[in-house]
Amino acid sequence: MIQNSSQSKFPQFPYSYWLNSTDIPSFPKLSQDTQVDVVIVGAGITGITTAYLLTKKGLKVAVVDAGQILNGTTGHTTAKITAQHDLIYSEFLSHFGKEKTRLYYEANHEALQFIKQIVDEHNIDCQFSEEDAYVYTCSDTYVEKIASEYKAYEELGISGSYVEKTPLPFSTKAAIIMKKQAQFNPVPFLKYLAGEVLRQGGEIYEQTTVVGVEKGNPAIIKTREGIKITCSHVVSSSHFPFNDPSGLYFARLHAERSYVLAVKTDKSYPGGMYLSAENPKRSLRSVIVNGKPMVIVGGESHKTGQGICTFQYYEALEKFAAETFGLREVAYRWSAQDLSTLDKLPYIGQELSGNSNILVATGYRKWGMSTSIVAALLNANLITGEGSRYQELFSPSRFHADPDIKTFVIQNVDVAKHLIAGKLEMTHKEIDQLQYDEGAVVRVNGKRTGAYRDTQGTMHLVDTTCTHMGCEVDWNEAERTWDCPCHGSRYSYEGKVIEGPAKKSLGKVESV
Ligand code: FES
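Residues numbered from 1 in each chain as written. Predicted model: local features only at pLDDT ≥ 70, side-chain atom pairs only at ≥ 80, totals over all residues. Heavy atoms only, no water.

### Brief notes about the sheet that holds strand S24 (residues 481-483)
Put simply, the test is: Paired strands, as defined in this entry, are two strands with at least two bridges between them according to DSSP. Strands here mean DSSP runs of E at least two residues long; helices mean DSSP runs of H or I at least four residues long; both are numbered from the N terminus. Helix axes use the C-alpha atoms of the stretch in contact, all axes being lines fitted to C-alpha atoms, and the angles between their N-to-C directions lie in the range 0 to 180 degrees.
The four strands are arranged S23-S24-S25-S26 in an open sheet whose pairing can be described as antiparallel. The sheet is open, and its two borders are formed by strand S23 (474-476) and strand S26 (497-499), each paired with just one other strand. Sheet twist, expressed as the mean angle between neighbouring strand axes with direction ignored, is 35 degrees. Where S24 and strand S25 (residues 490-492) come together, three bridges link them in antiparallel fashion. By the bridge assignment for S25, Trp482 is matched with Tyr491.

Here it is, written out as structure tokens:
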């Protein structure tokens, strides 16, 4: 377990409990040309589950990941498996009507049942437990919203109830409950599925970056080292679809970061999974860490690259945990990146270019534990030709004038604003003012430069111009990364890509 540093009340470096609690096998880098039926790009919950489904059906599958498996959002979630995606059903009813909204619920309900069935059948030790899910409010202005969400549940036939009080140790004004949802630790679950993929003849490769695809049938995937994989289908399950320029995904998705603490508390946790309706969001669930009960507290989301000093988000969660349950220890802290689409439905299915053998899965809006399974089931059925009743609902080529146009304009005005603001921004630090383990934007030879002095005192300098479309990245001090405010690309302090849509590293700047 990570110890608290002497300077802060919480762990100095972010580390996810999920990734720390299970030994995850490592996989080789792809080193020679190969041929398979399906290539899956991205080895998170979507990619591994899609591979599991397809190898079970006898297809030859290769999963490739630019880093390590499960190390993206999958390993940094709060791991609630639920169809209660905040207050959404009333909103979806007004935009899409009853039939489509009910389908959305059913797809996510089936996803929950899918995980439960696999855990039960194979006795997977992953802390799976059935819990009721609550969206609560402590604010008078949200009571009406909770009431109309409950009306939507009734109209859609969702099993739930409306209450004023919850089991939480503070008073609430209203809450809506969705019964029999679940929570788990996704890593042992996916380790099991990855093992099954290998047993069925599938292949998994790490440290293998895909840089392009020659479209057609067969399609040819190319890696950074020039290695080729020939296949009949490709699935992009690594957040930004890696090669669909006609999909304009960078303009139709926006990236948010949110924060998580695992804390030991004075008061015992009352059971259930909770989310506040109002901002700042507060998400709660229980977890067992080394045999001891702890509470997972999440929330504080903001657009990637647009946050204030990122330690403040952890501090806000820490304060909330202390006031609510009494805080003994912050054992872990971590953060996640999530993408949202224009209409809040995920993009799952055939890409926009007209190539029916290239599929995408993205835009889960923080509800990736259920939506990833929806995506895996849907894309697997499209590949095997079985079809799916959810195909049209989640199709990346759908267009809803309401709310797509309004959201598109708001998002892209925001991008333009950050593109210009980054170029004009003043710097507030000199390079020689940087302490050990401190980063900032500085000027080097008059040019905006990213500087980080590491824990050993070595200075790392990067060109702060994002390699995606030229916005200026900013320093994320809690994670020690360079984050882009325009479309959410993230880079390590050395400038290597951690999250797309950028594909190339930040430029190096020679030290002064
Ligand atoms: Fe698009 Fe940086 S992510 S400009």
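Let's pick the thread back up.
### Considering the environment of Ser505
Quick reminder of the rule: In what follows, a contact means two residues having at least one pair of non-hydrogen atoms within 4.5 Å.
Here Ser505 shows up in the segment after S26. The spacing of Ser505 and Ile373 is 132 residues in sequence and 31 Å in space, taken between C-alpha atoms. Sequence-distant contacts of Ser505, that is, excluding residues within four places in its chain, are made with Thr467, Tyr491, Gly495, Lys496 and Val497.

### Notes on the pattern of salt bridges
As a reminder of what qualifies: Whenever Lys or Arg places a side-chain nitrogen within 4 Å of a carboxyl oxygen from Asp or Glu, that contact is recorded as a salt bridge.
Tallied over the full model, the rule gives 24 salt bridges. Linking Lys344 and Glu91 is a salt bridge whose minimum nitrogen-to-oxygen distance equals 3.0 Å. You can see Lys344 sitting in the loop between strand S17 (327-341) and strand S18 (347-350) and its partner Glu91 sitting in helix H3 (residues 89-96), a full 253 residues away along the chain. Across the pair Lys264 and Glu329 runs a salt bridge whose closest N-O atoms are separated by 3.8 Å. Placement of the pair is Lys264 in strand S13 (residues 253-265) and Glu329 in strand S17, with a sequence separation of 65 residues.

### Describing helix H9 (residues 368-384)
Helical periodicity: at 3.6 residues per turn, an α-helix aligns residues three or four positions apart in one direction. The line we're drawing: Every helix has an expected span of 1.5 Å times one less than the residues it contains. The classification of residues rests on relative accessible area computed with a 1.4 Å probe and restricted to protein chains. Under 20% of the type maximum is buried, over 50% is exposed, and intermediate values are partly exposed.
Counted at 1.5 Å a residue, the expected span for H9 with its 17 residues is 24 Å, and the 23 Å between its end C-alpha atoms agrees. The buried count for H9 comes to 14 of 17 residues, which makes it a mostly enclosed element. Following H9 by one or two positions, Gly385 has its phi on the positive side, about 80 degrees.

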